[in-house]
Amino acid sequence: MTVNPTDIITNTIVESNRPLPVGRAGGGSASVAALVSGGVDSAVSVHLLKEQGIDPHLFYIKIGPDEKTEWNCTSEEDVEICQWLARKYGLKFDVIDLHKDYWEKVVGYTMDKARQGLTPNPDVMCNKLIKFGCFEEVAGKEFDFTATGHYATTTTMDGKVWLSTSPDPVKDQTDFLCQISSLQVNKLMFPIGNLWKHQVREIAEQAHLLNAERKDSQGICFLGNIDFRDYIKAHLGENPGDVREIETGHKIGEHKGLWFYTIGQRKGLGFGGGPWFVVKKNLKRNILFVSHGYDPEKVYKDHLTMNDFHFITENPFEDEAFKQDVQMTAGNPSMRVTFKIRHTPEYLGGVLSLKEDGRWFLQADRKIHGVAPGQFCVVYDKDHHLCFGSGEIN
């Protein structure tokens with residue numbers, strides 16, 4: 001199949017119900033800042049913007065894996081590719097140093113959550129606090145829009161802009177954007193949002209982009225090739241304690257620190273006589289509880305709770321567009337939704353309700369594997385098109 005880049009970007013705007021961008025005064029061309037990483041997705045985003053006649057100003061955000069190390073060979077290669085991209089299209093390019101901000105905000109959050117025995121998601125906080133937070137304060141505020149290579153779209157309903165999903169379920173990244181604000185989503189552009197990954201690769205090849213075949217980055221954005229377990233150890237050290245079988249209480253081994261494990265984890269435990277699954281952490285007694293078997297019942301839950309919930313655009317329970325979807329369940333307002341608790345192509349079904357004590361309760365249609373406190377539960381409409389927002393699992 002031959003892909004016409006012009007057709008694709010037009011479809012993106014139409015399907016997202018978002019018009020061609022105009023300047024702040026309502027006329028003329030909008031000014032666009034494009035975040036580039038050296039990867040193929042952000043490069044194709046730039047190419048598609050140029051196809052629309054938009055000349056974005058390219059920005060590379062500089063961060064590093066620890067407080068003092070700001071640069072490595074991978075990031076140097078990233079910048080060289082971004083510089084090449086700017087030269088190819090005759091665009092301005094700047095490197096924005098947000099290393100200190102990243103260290104204080106995102107790494108600080110990650111270590112704090114891990115120290116509490118919770119499962120952090122630094123990529124979610126990076127998008128909220130750094131890419132669309134600190135960058136906006138430093139440079140983005142001078143532009144009408146910020147474009148990125150995320151696999152996501154926006155949908156306008158009754159004048160409100162909602163974050164919405166990509167047609168590619170494997171690459172969809174709305175779950176990593178689940179904590180952004182209404183102001184942020186109103187300013188974002190996702191040029192490749194309505195494309196599948198193979199289409200992006202095809203466009204890159206047609207445009208003779210230097211990174212057309214470059215592998216996608218894996219894992220947490222700031223770590224590169226560093227193992228997350230080693231990273232946690234370097235900052236939090238070790239804190240040995242007992243590992244006990246939850247059914248019997250028998251000690252089966254010793255762990256090196258509760259922060260190295262997450263609920264539902266099976267691989268990399270290193271305990272004999274397995275398989276074992278992590279099912280519970282006792283922080284006060286520093287005990288890791290595990291259950292034996294390939295699919296133990298205790299790894300599953302059919303519900304979860306969140307003390308607070310972050311709605312990106314609007315609380316759908318209070319929005320007129322979703323009035324018909326709100327029901328009363330046991331005296332509490334409820335709504336059928338779809339959701340995710342980890343980055344996966346699959347959307348789960350359930351009913352979200354607000355309890356009298358202010359907690360949000362999600363009853364799943366079927367039992368869920370590995371519900372870990374600290375993870376974000378990302379909630380969508382019943383058709384998994386609009387992303388409502390997310391809450392941290394208790």
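Please read all numbers here as calculations on a predicted model, not as lab measurements.

Enquirer: Help me understand the overall build of the protein in this model?
Expert: Scanning the protein from N- to C-terminus turns up eight helices and 19 strands. Across the 394 residues that make up the protein, the buried fraction comes to 55%. Taking contacts inside the protein between residues at least 6 apart in sequence as the whole, the part at least 24 apart equals 66%. Per element, the accessible surface of the protein, about 18,200 Å² overall, is 49% carbon and sulfur.

Enquirer: Would you mind going over the sheet that holds strand 10 (residues 276-282) with me for this structure?
Expert: The strands making up a sheet associate through hydrogen bonds between their backbones, and the pairing can be parallel or antiparallel. Taken in spatial order, the four strands line up as 9-8-11-10 in an open sheet, and their pairing is mixed. Only two strands of the sheet have a single partner each, and these edge strands are strand 9 (251-255) and strand 10. For this sheet, the mean angle separating the axes of adjacent strands, direction not counted, is 30 degrees. Pairing of strand 10 with strand 11 (residues 287-292) involves six bridges; the strand directions are antiparallel. Bridge pairing in strand 11 places V278 opposite V290.

Enquirer: Can you help me understand the sheet that holds strand 4 (residues 145-147) in this one?
Expert: Read from one edge of the open sheet, five strands run 3-2-1-4-7, paired in parallel fashion. In the strand order of this sheet, the two ends are held by strand 3 (93-97) and strand 7 (188-189), each with one partner. Relative to the sheet, helix 2 (residues 40-51) contacts strand 1 (32-35), strand 2 (57-62), strand 4 and strand 7, its axis offset from that of strand 1 by approximately 155 degrees.

Enquirer: In this structure, what is going on with empty space enclosed by the protein? I would like to understand it.
Expert: Rolled over the atoms, a probe with the dimensions of a water molecule shows which regions are left empty. Scanning the model with the defined rule gives two cavities of 30 Å³ or more in all. The volume enclosed by the second largest cavity comes to roughly 30 Å³. Around the second largest cavity, the lining residues are D325, M335, R336, D381, K382 and F388. Along the lines of polarity and charge, the residues of the lining of the second largest cavity split into two nonpolar, no polar and four charged.

Enquirer: Would you take a moment to explain the pairing of strand 18 (residues 376-380) for this structure?
Expert: The side chains of a regular strand alternate, residue by residue, between the two faces of the sheet. The buried count for strand 18 comes to five of five residues, which makes it a mostly enclosed element. The pairing of strand 15 (residues 332-340) with strand 18 spans three bridges and is classified as antiparallel. Looking across to strand 18, one finds that K340 is bridged to V378. Between strand 18 and strand 19 (residues 387-392), which follow one another and run antiparallel, lie six residues, and H384 among them has a positive phi close to 40 degrees.

Enquirer: What is the right way to look at helix 7 (residues 197-206) in this model?
Expert: Residue pairs three or four apart in sequence face the same way in an α-helix, which turns once every 3.6 residues. Burial within helix 7 is extensive, with seven of its 10 residues counted as buried. Once helix 7 ends, the next one or two residues include H208, with phi positive near 55 degrees.

Enquirer: Sorry if this is basic, but what is going on with the packing of aromatic side chains here?
Expert: Remark: the centre distance and the inter-plane angle together describe each pair of aromatic rings, the angle taken between the planes. Across all of its chains, the model carries 12 aromatic pairs by this definition. One aromatic cluster is present, formed by F309, F311, F317 and W360 through successive ring pairs. Positioned above the aromatic ring of Y89 is the side chain of K88, whose terminal nitrogen or guanidinium carbon lies 5.4 Å from the ring centre.

Enquirer: Looking at this structure, I do not really get the packing of helix 4 (residues 99-115) against helix 8 (residues 228-236). What am I missing?
Expert: How two helices pack is summed up by the angle between their axes together with the distance between the axes. Taken N-terminus to C-terminus, the directions of helix 4 and helix 8 make an angle of 90 degrees; their axes are 11 Å apart at the nearest point. In terms of orientation, helix 4 lies roughly perpendicular with respect to helix 8. The segment helix 4 lies against helix 8, with W103, V107, T110, M111, A114 and R115 engaging F228, Y231, I232, H235 and L236. Among the residues making up the contact of helix 4 with helix 8, the classes are represented as eight nonpolar, two polar and one charged.

Enquirer: Help me understand the layout of surface pockets in this model?
Expert: In this model, the second largest pocket occupies a volume close to 300 Å³. As for the second largest pocket, its lining consists of 15 residues, of which I263, V279, K280, K281 and P373 are closest to the centre. Within the lining of the second largest pocket, the residues separate by chemical class into eight nonpolar, three polar and four charged.

Enquirer: Just to check I follow, could you spell out the pattern of salt bridges for this structure?
Expert: Oppositely charged side chains can pair when the atoms bearing their charge come close. The tally for this structure, following the rule as stated, stands at 20 salt bridges. With its nearest N and O atoms 3.4 Å apart, the salt bridge here joins K382 to D325. One end of the pair, K382, is in the loop between strand 18 and strand 19; the other, D325, is in the loop between strand 13 (310-311) and strand 14 (326-329), with 57 residues separating them in the sequence. Among the residues examined, K382 registers a relative accessible area of 45% and is labelled partly exposed. When the shortest N-O distance is used, the salt bridge between R359 and D357 registers 2.9 Å. Accessibility expressed as a relative area gives 32% for R359, which makes it partly exposed. Under the relative-accessibility criterion, D357 is labelled exposed at 53%. One network of salt bridges, in which partners are shared, links D41, K171, K197, R201 and D216.

Criteria and thresholds
- Residues numbered from 1 in each chain as written.
- Predicted model: local features only at pLDDT ≥ 70, side-chain atom pairs only at ≥ 80, totals over all residues.
- Heavy atoms only, no water.
- Helix = DSSP H or I, 4+ residues; strand = E, 2+ residues; numbered from the N terminus.
- Buried < 20%, exposed > 50% of the residue type's maximum accessible area, 1.4 Å probe, protein only.
- Contact = heavy atoms within 4.5 Å.
- Areas by Shrake-Rupley, 256 points an atom, 1.4 Å probe, with all protein chains shown as cover.
- Pairing = 2+ DSSP bridges.
- Axes fitted to C-alpha atoms, helices over the stretch in contact; angles between N-to-C directions.
- 1 Å grid on protein atoms, 1.4 Å probe; cavity = no way out; pocket = protein on both sides within 12 Å on 5 of 7 lines; lining within 4 Å.
- Points joined across faces, edges and corners; volume = space filled by probe spheres on them.
- Nonpolar A, V, L, I, M, F, W, Y, C, P; charged D, E, K, R; others polar.
- Phe/Tyr/Trp six-rings, centres within 6.5 Å; stacked < 30°, edge-to-face > 60°.
- Lys NZ or Arg CZ within 6 Å of the ring centre and 35° of its normal.
- Parallel < 35°, antiparallel > 145°, perpendicular 65-115°, else oblique.
- Salt bridge = Lys/Arg side-chain N within 4 Å of Asp/Glu carboxyl O.

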